[in-house]
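Working through the structure, step by step
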Amino acid sequence: MESIMDRIDKVFKAGTFSSDFLYLTSCVSDFLAASPEIKISEELDSINESHSMLIDFARRGYDDPKRKEIYNRLLRRLYTLLLDIKNSQLVRDTHTLACAFTKVSTCNFSHESIQKNLEDFVSLLPFLMLDDENNREEKTEELYVSHQDYMSKLFDYILVSRQWAEFDAKFYSGLILSPLIDIRDAQIIVSAITLSLSTVFDVNKMGTLYDVIMSADNQRVRQRALVGFMLNVRCGYEKYFPEIGKMVKTLCREESIIAELIELQFQLFYAFLAKEDSAYLTNDVFPSIVKNQNIHLDKSGDFIEIDDDPMDDILGSRKTEERMAELEESMRKMVDMERAGSDIYFGGFSHMKRFPFFNTLSNWFCPFYLEHPALKMTTTKVGDKDILGRIISTGPFCDSDRYSFALAMATVFDRMPSSLKEMISSGAMTPNSGVIADANAPATIRRQYIQDIYRFFELFSYKSDFINPFDAEASDFAFLFLANPLFVQGIKSNKYYELCDFLVRKKCYRELGRLLEAMEHTAKDWEWYYYHGMCSYKRLDFNTAEHDFAKAASINSDDAKVLRMHALSSMRARKYDSAVTSWEKLIQIKPQNIKYKMNHCLSLIYINQTAKALNLAYELSLLDGKSPYTDRVLAWALLCDGRVADAIKSYLRLIDKGNSTYEDLLNLGYAYWFDGNIALASKYMSEFVNEWKNTEDYRLAKKSGRGDYELLMDKFNEDMYLLDKHHIDITDKAIISDMVLMK
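A brief look at the structure comes next. Treat the numbers as computed from the prediction; the structure is a model and nothing was measured. (Residues numbered from 1 in each chain as written. Predicted model: local features only at pLDDT ≥ 70, side-chain atom pairs only at ≥ 80, totals over all residues. Heavy atoms only, no water.)

1. Details of the overall build of the chain
Note the cut-off: Helix and strand assignments follow DSSP, with helices taken as H or I runs no shorter than four residues and strands as E runs no shorter than two, numbered in order from the N terminus. Residue exposure (1.4 Å probe, protein chains only): buried if accessible area is under 20% of the type maximum, exposed if over 50%, otherwise partly exposed. Contact definition: two residues touch when any of their heavy atoms are within 4.5 Å. Areas reported as accessible are Shrake-Rupley estimates using a 1.4 Å probe. Residue values count occlusion only from the protein chains shown.
Check the secondary structure of the chain and you find 40 helices and two strands. Relative to its 743 residues, the chain shows a buried fraction of 49%. Here the contacts in the chain between residues at least 6 apart in sequence split such that 67% fall between residues at least 24 apart. Per element, the accessible surface of the chain, about 36,400 Å² overall, is 52% carbon and sulfur.

Structure, rendered in structure tokens:
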């Protein structure tokens, strides 16, 4: 039997829209029966009473021009009630939300109280500066401790809050935009709203973020609202709450905002790829950097300074130069990735989120400031707060990583070499201001905030209590907000194709497919067909891919990348005539391209133009005789032209040179088979099977559930045009398959 949560999720599932009033009220009634402690029965009774009156008037034949409006308003109240029920269930059953609710259940968070508390904090700080110097530091510290505790609770209160009314949304919009509260507090409130929305959708909370996007002067507040809004624009919700569609439509009227949205989508993708980038850095870049450094950590965690090898002075500087060149190249790769937008620090800082500091939800989203009570030990040990602030605050780090760095410094400062301590104390370690072109630029602010969000959803101890917007399946591609049809209607297609190109370069074909599904296109949009063909090709749906690329090529016949993909997909779909045509066009465009000529040669073989193919293969061998690829094409052309003895010699040369592939072993097996040497044929086919089993091709084939005999027969069937020439029938294939697999 479906749970209440399952039924609610089904109602709000993306792409569907339920106006079944009786079903919706039954969901609420069933929940109330199971959870009578939840006080929503009065609202349900009011809705049912209004609904009964509406139905009664309709049944009597009264003409009410506002009937549809009233009915839709009742549905909206039901949707809101269902979302409140979902929130209540999550608060009851989810550890993090239950703890947050318990912490704030006895607190006073009336609008008046919140506003007074936040404004009082700002007004008290200047007065403390006038206090006696002996008391000033202590009182200031007490104020920050008290305020940080209050903001933590306010964050939790907003997180678990039920559906807001319009006056709630207006209050928080005004509060966030108010010049009378601290800008850090405004940022924390925006993040609390964002996290609340990721848990349970609330149209009025979305309205608050929208108001901030449109009205905020401070970019640190505005960019948080922009990210929060886009991560929570869920497909289909505009059918329940039409104002969402109106908000998006208004945003897409301004070119400057559209530019921000495109840039934001790219930045969200770079966050989505953080783990992949981190693996690349860990495996390929960092080992070189570490190897060429002179400071290491010993097993106890102490810093050890390693002297240069004295032999360098005797043997010359070549070794040092090579080491520096390798170090510079590794650093260049890392800098290039950072400039492109990659989150290069995620891997390193992901191991530094176990401090108790990160047990508090609001701390994950708190703008960095040295007065944070949790940094007391760090500031005390380092001494000069200004220097410490410059070291940590200057640089391309998100706030979460800045806190990690500061907290870690407190634990290792005592064990640092004295020279390193002196550098810190003197300010010599302050990063060059050129590391970031403009730390206050909207794009920089937005990127660092996205990194804060990504770290929370990936590294928080109870991350399973939340739906990660960067988890495509769990969040229904929340990070891919431009796949929402609402945006497609307002943003020009050329902007989308820039994103499509990026996704192809990053090999994100699943996300590309989702984007293309949402895009509107006409028969003349060759780019849409090209990118759709790329998705089909990567799904191994070669017939669809060939159709898409053929369509793109018919519109844009001079584009090399389109022709190339059409030729490749035609070969995989066994439409070799089409492949020959496209390879010939490509050779006209790039006559020196050897790969085009090799594939042209192969395609000719498959349409039985073996004599022409063989002549081309000899030409290729003369042009590029040292390449195993041209040798392989020549060997295959010889085999297909019936020159079996020459083909055997060619394949044996490939093996002797160590240039053979597993498919060469199969082809050599064919050659001996056609030559009547069954023993050698089965030998090389057995070697083929053994090597084939270690390939991705075999692993993909095994997913079909078929056995090795069937898979080997499939391989034979792929080459039936060749086997038929030598009168190989099904029995011949069965016998040699048995011989090969019995070995």
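From this point, things continue past the structure.
2. Here's the deal with helix H12 (residues 243-251)
Note the following rule: Taking the helix axis as origin, the arc is that swept by the directions to the C-beta atoms.
When H12 is considered as a whole, its buried residues turn out to be Ile-244, Gly-245, Met-247, Val-248 and Leu-251. Angularly, the buried residues of H12 cover 160 degrees about the axis, an arc narrow enough to put them on a single face. For H12, exposure combined with an orientation more than 90 degrees from the buried face picks out Lys-246 and Lys-249. Those residues of H12 that are buried lie in contact with helix H10 (203-215), helix H11 (219-231), helix H13 (255-272) and helix H24 (485-488).

3. A short note on helix H34 (residues 644-656)
Put simply, the rule is: A helix is expected to span 1.5 Å for every residue after the first.
Taking 1.5 Å of rise per residue, the 13 residues of H34 would be expected to cover 18 Å, and the 18 Å separating its terminal C-alpha atoms lies within 8% of that figure. Turning to H34, its buried residues are Val-644, Ala-647, Ile-648, Ser-650, Tyr-651 and Leu-654. Along the long axis of H34, the arc covered by the buried residues comes to 165 degrees, so they all point the same way. Set apart from the buried face of H34 by more than 90 degrees, the exposed residues are Lys-649 and Asp-656. Close packing links the buried residues of H34 with helix H33 (628-640) and helix H35 (662-674). Positive phi shows up at Gly-658, right after H34, with a value of about 75 degrees.

4. Quick look at a positive patch on the surface
As a reminder, the rule being used: To count toward a patch, a residue needs a relative accessible area over 30% and no salt bridge; like charges are then connected within 9 Å, while nonpolar side chains (Val, Leu, Ile, Met, Phe, Trp, Tyr) are connected within 5 Å. By convention in these notes, a salt bridge is any Lys or Arg side-chain nitrogen within 4 Å of a carboxyl oxygen on Asp or Glu. A residue counts as positive if it is Lys or Arg and as negative if it is Asp or Glu; His and the chain ends are not included. For the purpose of locating charges, the reference atoms are NZ of Lys, CZ of Arg, CG of Asp and CD of Glu.
A grouping of Lys-507, Lys-538, Arg-564 and Lys-595 is seen on the molecular surface, where their side chains present a positively charged patch. Among the structural elements, Arg-564 can be located in helix H29 (residues 560-572).

5. A short note on the nonpolar core
Convention followed: For our purposes a nonpolar core is just a set of buried Ala, Val, Leu, Ile, Met, Phe, Trp, Tyr and Cys residues, chained together by side-chain atoms within 4.5 Å.
Phe-229 and Phe-487 are the most contacted members of the largest nonpolar core, which totals 225 residues. Top element by residues in this core is H13. It accounts for 11 residues. Apart from the residues lying within four places of it in its own chain, the contact partners of Phe-487 are Met-230, Val-233, Val-248, Cys-252, Leu-261, Phe-481, Leu-482 and Tyr-496.

6. A few points about the pattern of salt bridges
Scanning the model with the defined rule gives 37 salt bridges in all. In this structure, the salt-bridge partner of Glu-260 is Arg-222, at a minimum N-O distance of 2.8 Å. With Glu-260 in helix H13 and Arg-222 in helix H11, this residue pair connects regions lying 38 residues apart in the sequence. Both residues of the pair, Glu-260 and Arg-222, count as buried. Salt-bridge contacts for Asp-401 lead to Arg-455; the nearest nitrogen and oxygen are separated by 2.9 Å. Placement of the pair is Asp-401 in helix H20 (residues 399-412) and Arg-455 in helix H22 (residues 442-459), with a sequence separation of 54 residues. Each member of the salt-bridge network shares a partner with another, and the members are Arg-222, Glu-260, Glu-263 and Arg-446.

7. Considerations on the packing of H11 against H13
Rule in force here: Think of each axis as a best-fit line through the C-alpha atoms, taken over the contacting stretch in the case of a helix, with angles from 0 to 180 degrees between the N-to-C directions. For classification purposes, angles smaller than 35 degrees are called roughly parallel, those larger than 145 roughly antiparallel, those between 65 and 115 roughly perpendicular, and all remaining angles oblique. Residue polarity follows a fixed list, in which Ala, Val, Leu, Ile, Met, Phe, Trp, Tyr, Cys and Pro are nonpolar, Asp, Glu, Lys and Arg are charged, and the others, Gly among them, are polar.
Direction vectors running N to C along H11 and H13 enclose 70 degrees, while the axes themselves pass 11 Å from each other. Taken together, the axis directions place H11 and H13 in an arrangement best described as roughly perpendicular. Touching Arg-222, Gln-223, Leu-226, Val-227, Met-230 and Leu-231 of H11 are Ile-257, Glu-260, Leu-261, Leu-264 and Leu-268, all from H13. Each residue belonging to the contact of H11 with H13 can be placed in one class, and the counts come to eight nonpolar, one polar and two charged.

8. Some words on a nonpolar patch on the surface
Taken together, the side chains of Met-53, Phe-57 and Tyr-62 make up a nonpolar region of the molecular surface, amounting to roughly 310 Å² of accessible area. Position of Phe-57 among the secondary structure elements: in helix H3 (residues 41-59).

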